[in-house]
Amino acid sequence: MTSVFEYRGLIWNFIKRDISSKYVGSLLGLYWSVINPIITLIIYIIVFGVFLKVRIPGSTSIWDFALYFAAGFLPWLAFQDSVMRGSRSIIDNKNYIKKIPFPSEIFPIFITLSEFVNLFIGLGIYLILFLILKGMPTIYILILPLAIILQLVFTLSLAFFLSSGAVYFRDIPTMLGPLFMIWFWATPIAYTIDLIPVNFQWIVQLNPAYYMIEIYRDALFYGKLPEINILVPFLIFSVVLFVISIWFFRKTKTGFGELL
Amino acid sequence: MNAIEVHNLGKKFKLFTSPGRRFIEYLSAGRVNRHTDFWALKDISFDIPSGTTLGILGQNGSGKSTLLSILAGVLYPSEGSFNIKGKVSAILELGSGFHMEFSGKDNVYMYGSIMGLTKLEIDNRFDKIVQFSELGDFIYQPLRTYSSGMIVRLAFSVAVHVNADILIVDEALAVGDAIFQHRCFRKIREMQAEGKTILYVGHDTDAVRNLCTQALLLDGGRIIERGDPNYVVNKYYALIADRESAYNEGNLIVHGEIPDEGYETVYNFVEFLNTAKIISPPTIPVREQTIEVNSIPRKVIFSHAPSEIMYSVSIEPFSFLSFAIGIMPGAWDKIPQGVKFDIEILCDGRKVNIFSRVLQPKRNIGDRGWHNFIIPLERFSKKVVSIVFSTSGSGDDLSYGWSAWGWVTLKREIPQPRVDEAGETLKNKADEINSVFVPGKLIRYGNKKIEIITAVICDLEGNPKSGFFTNETVIIRITIKSKENFNQDVTVGCSIRNKYSVIYGMNTYWQKNDLKNIRIGDIVTIDFLCCMRLGDGFYSVTPAVAIVTSNTDIEVLDRLEDHVLFKITNSNTMEGFVDLDAKITWNIA
């Protein structure tokens, strides 16, 4: 990774360019990044909170459910978007990879980082919502940076795996759409874990996204320290996955030049 | 000290005919083999001392770009190693890192940081880059407002100002206007003077001659020459000439008999290929393809050997099978044993071989090109038969056996009334002779006050032929017919050309033997008796009739460009176009 660190200036330039190019020429520009999640949020809250009357345990307020949902959904949205775009980061940048010699690790990294803007927008939306509905957040909001870093490590690992894999199997980015839909519904985001029948709960225990979301909810919504059996397994899992993903990327990137 | 050292470098590409096959191979983790190997580079070894400007020449597909991509670090070698001392700036494709929506300035910073410069370093060079690129205030405009030349100028400016020790340039100098090219060359000379190492790749042989201190010639992924640029450039030209002649021989020559208007097509086998039963190994494709013969597109069945293509057809009376066989020039060297073409007919439970021929274009020059055949099918008339076209070969590398069945059709002879007028009959006769070669686009001009009816080249007995030997005496016989009465002298001439230039031209004016007193309706035959002091190759005769007042004042009556084609065969006792009939003497002092 030392060589990648030397290119930090370039990564920063790429991120700046990526973000501004996304909004150059579109009329409302950056506002879409705010409007889109808000619309999705409202639809889910109406369907699940109002129509289906889902409530979190120990509360009858629809606003508690709304905040619970938003605390999980907004990080999820950013996670999903960055993995999906990250998976195309190598094939979309073949002009560079085929023509200019520099470490191709840069591409999944800068795409993931640039997509994290969406996470910050999402968290901003959440905090405004929280301030209106509940007032000041608790001291445990300080866990938030940890949650973000863990999500970043997890997202980067997947981006490394999938972006390199996509060079060999071009179908990967297309396959991700339905896979993420399944993953979203398999993760307790729009519903609570106790709604899952007991003999299916082990599926949730094996789902890394559940751990990631749970840490966010502790920091943002419940206002408590994450449980050890949530934080430690996810931390170890993310770091190990990250190391393996970099190894995998290094191993497979020798084929990029000729396969793109 | 060597700036670049390359040892036994090789690059292998795996070729898959479909992504599915690639996928199967991945899944099996190497147990299943679904690809063919292609070595784009093999056994490449060389050292480049610091300060050298090396030109790399080669035809398309010779591996130049692969080599540069490996040295630039974009591709990884399959075998061997290389060692580069110093910072590399590679221009593999000008402007490939540019973004159209951003200003020239933004792009300079972006491109600079891709090339490994810090912001401060770019700040320091920015003015120089803008000055060199001559963009002026345009540098603050988005790139999409630039012309393509401006983009190239900007990219080149950044690349040469990176201040790398080694500059790799891939065909980049060919773009830009003359003044900018001039400046690029000056900049390259400056860099040479500073002791930088430069790798230049391109088809611009003048640039290689003038700029480079050394040159390298690649062909088929191997280094075939290395050394002084002038020497290597000459070798490169020789290589191109070889390919040119192979192409011409492969695509322009048509041997044998081609059916004329006296036949009508009953069944076109090429068009019904999808109804045929094809027996060939699954990896060997059989498909329809269009090729150009003498700029005329023609449909062929492209069939790698071994293959069998079976059709069921009913044979009408007076039917003929018309077809051509040929092997694609690119395959000649790959199949020393050649390909065997067979046609068998299954009729009434019996199998009859009606055609069998082996083409060995590598060994036998006469086997190159397209060979036409017309085979009568009288004995099968009024029967439904199966016709099997098969190819087979004995070479080991049959995957390269690009053999083809050309324009395969079932023909039926239609009786045609022949016009009894003298001129027309002669014309038919001429067509018959000329059909030995498929004529290209006929270029004919003149006011036709006198028309050329025929022009043939024949042996001393007067038999039209299209092949002669060096120093054989021939008669070029031109027959003309006048449509007017002429009081002036009429000049008849002909010139002999090969594809490069006129070899020889002669007319009645120069020999003071012009035609006099030509009346309307006169048919005149003019014979040019000449000795073919020509080397091996193809030549054409351009007959012309004109009224010549002086060498510059000519009224063309009729002229047929490259009307007659003929081949001269030489048994390798000379080289070149002309036999100067050297008499060699020697003595020991």
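Below: a short report on this structure.

**Let's talk about the overall build of chain A**
Within chain A, the secondary structure is distributed over 13 helices and 0 strands. Helices (α) and strands (β) of chain A occur, in sequence order from the N terminus, as α-α-α-α-α-α-α-α-α-α-α-α-α. Relative to its full complement of 260 residues, chain A shows a buried share of 52%. Summarising the internal contacts of chain A: among those between residues at least 6 apart in sequence, 78% fall at separations of at least 24. Here chain A has roughly 12,200 Å² of accessible surface; of this, 72% comes from carbon and sulfur atoms.

**Quick notes on the interface of chain A and chain B**
Listed by partner, the interface residues are 23 residues for chain A and 24 residues for chain B. Summed over both sides, the interface between chain A and chain B buries roughly 2,100 Å², with carbon and sulfur atoms accounting for 67% of that surface. It is R17(A), K99(A) and E258(A) in chain A that bury the most area against chain B; as a group they hold 28% of the surface buried on that side. Put simply, chain A and chain B have 0 salt bridges between them. Viewed at the interface, chain B and chain A are joined by 1 residue pair in polar contact (both at pLDDT 80 or more).

**Quick word on the packing of helix 3 (residues 104-114) of chain B against helix 5 (residues 148-160) of chain B**
All names here are of chain B. Two numbers describe how helix 3 lies on helix 5: the axes approach to 10 Å, and their chain directions differ by 40 degrees. When the axes of helix 3 and helix 5 are compared, the pair comes out oblique. By crossing handedness, the relation of helix 3 to helix 5 is classed as right-handed. In contact with G104, V108, Y111 and G112 of helix 3, helix 5 contributes L154, A155 and V158. Partitioning the contact of helix 3 with helix 5 into residue classes produces 5 nonpolar, 2 polar and no charged.

**Let's talk about the packing of aromatic side chains**
Applying the stated rule across the entire model yields 53 aromatic pairs over all chains. Consider the rings of F69(A) and F73(A), whose centres lie 4.9 Å apart with planes at 15 degrees: the pair is stacked. Of the two residues, F69(A) and F73(A) both sit in helix 4 (residues 62-87), 4 residues apart, roughly one turn of that helix. The residues F69(A) and F73(A) share a single accessibility class, namely buried. Ring centres of F323(B) and F355(B) lie 5.0 Å apart, and the angle between their planes is 85 degrees; this geometry places the pair in the edge-to-face category. With F323(B) in strand 16 (residues 319-327) and F355(B) in strand 18 (residues 350-359), this residue pair connects regions lying 32 residues apart in the sequence. The exposure class assigned to F323(B) is buried, which follows from its relative accessible area of 0%. Using a relative accessible area of 8% as the deciding quantity, one classes F355(B) as buried. Here K11(B) stacks its cationic end above the ring of F13(B), 5.5 Å away from the centre of that ring. Positioned above the aromatic ring of W39(B) is the side chain of K42(B), whose terminal nitrogen or guanidinium carbon lies 4.2 Å from the ring centre.

**A short note on the environment of M1(B)**
Residue and element names in this part refer to chain B. Among the structural elements, M1 can be located in the segment before strand 1 (2-15). Separated by 84 residues in sequence, M1 and K85 place their C-alpha atoms 9.4 Å apart. Apart from the residues within four sequence positions on either side, M1 is in contact with P49, S50 and K85.

**Some points on the side chain of S157(A)**
All names here are of chain A. As for its position among the elements, S157 is in helix 8 (residues 144-168). Looking at S157, its side chain comes within polar contact range of the main-chain oxygen of V153, at 2.6 Å. Engagement of the side chain of S157 in a polar contact is seen with the backbone nitrogen of F242, the distance being 3.4 Å. Contact partners of S157, with chain neighbours within four places excluded, come to S238, L241, F242 and S245.

What counts, and at which threshold
- Residues numbered from 1 in each chain as written.
- Chains lettered and ligands numbered in written order.
- Predicted model: local features only at pLDDT ≥ 70, side-chain atom pairs only at ≥ 80, totals over all residues.
- Heavy atoms only, no water.
- Helix = DSSP H or I, 4+ residues; strand = E, 2+ residues; numbered from the N terminus.
- Buried < 20%, exposed > 50% of the residue type's maximum accessible area, 1.4 Å probe, protein only.
- Contact = heavy atoms within 4.5 Å.
- Areas by Shrake-Rupley, 256 points an atom, 1.4 Å probe, with all protein chains shown as cover.
- Buried area = accessible area lost by both parts, 1.4 Å probe.
- Salt bridge = Lys/Arg side-chain N within 4 Å of Asp/Glu carboxyl O.
- Polar contact = N/O pair within 3.5 Å; in protein donor to acceptor, adjacent residues only side chain to side chain.
- Axes fitted to C-alpha atoms, helices over the stretch in contact; angles between N-to-C directions.
- Parallel < 35°, antiparallel > 145°, perpendicular 65-115°, else oblique.
- Left-handed = near helix turned anticlockwise from the far one by under 90°.
- Nonpolar A, V, L, I, M, F, W, Y, C, P; charged D, E, K, R; others polar.
- Phe/Tyr/Trp six-rings, centres within 6.5 Å; stacked < 30°, edge-to-face > 60°.
- Lys NZ or Arg CZ within 6 Å of the ring centre and 35° of its normal.

Scope: geometric values only; no functional claims are made or implied.
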